[in-house]
Amino acid sequence: MLEKLTPAAMPAPFAKYSHAVVVPAGTRMLFCSGQLGLAPDGVIPEEAEAQADLCFAAIGHMLAAAGMDIGDIVRINAFVTDRAHMAGYMTSRDRHVASPPPASTLMIVSGFTKPEFKVEVEVVAARAG
């Protein structure tokens, strides 16, 4: 069982994430590479939220292939190319994470492999057994 922590001595998270997650010994781990907002047909949506939805869909496929689901995500690292894309990313993330939420970091970066990409998301997941 994963233990998601928001210690009382710290300020509450200002978005849907936990400050820390404890992963017990012997837990099976999944490390997902960063996923970009690319549809299976090669289309890259214009909106950051739609790109993030595609990132989380791809992550969902990897979780399922490992016998896991969104409740097993312990950490999200997300990257957006502009502060203006944060709201769209966060709206998508909030739809795609369990409660209590995983630990999460969001960074603004200068760009990705193609200028059309606005969002990249990578996760770490863990499941006992």
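Residues numbered from 1 in each chain as written. Predicted model: local features only at pLDDT ≥ 70, side-chain atom pairs only at ≥ 80, totals over all residues. Heavy atoms only, no water.

*Asks:* Looking at this structure, how should I read the pairing of strand S7 (residues 119–128)?
*Replies:* A regular strand carries its side chains on alternate faces of the sheet. Here S7 lies mainly inside the structure; 7 of its 10 residues are buried. Bridging between strand S3 (residues 27–31) and S7 involves 5 bridges; their strand directions are antiparallel. Within S7, the residue paired with phenylalanine 31 across the bridge is valine 124. Relative to S7, strand S4 (residues 35–36) runs antiparallel, the two being bridged by 2 bridges. Residue glutamine 35 lies in a different strand from S7, and its bridge partner there is valine 121. Pairing between strand S5 (residues 73–80) and S7: 7 bridges, direction antiparallel. The residue of S7 that forms the bridge with valine 80 is valine 119. (Buried < 20%, exposed > 50% of the residue type's maximum accessible area, 1.4 Å probe, protein only. Helix = DSSP H or I, 4+ residues; strand = E, 2+ residues; numbered from the N terminus. Pairing = 2+ DSSP bridges.)

*Asks:* What is the right way to read the packing of aromatic side chains from this model?
*Replies:* The geometry of two aromatic rings is summed up by the distance between their centres and the angle between their planes. Evaluation of the coordinates by the stated rule reveals 2 aromatic pairs. Plain terms: the ring middles of phenylalanine 14 and tyrosine 17 are 5.9 Å apart, the flat faces sit at 85° to each other, and that makes the pair edge-to-face. Judged by its relative accessible area of 16%, tyrosine 17 is buried. (Phe/Tyr/Trp six-rings, centres within 6.5 Å; stacked < 30°, edge-to-face > 60°.)

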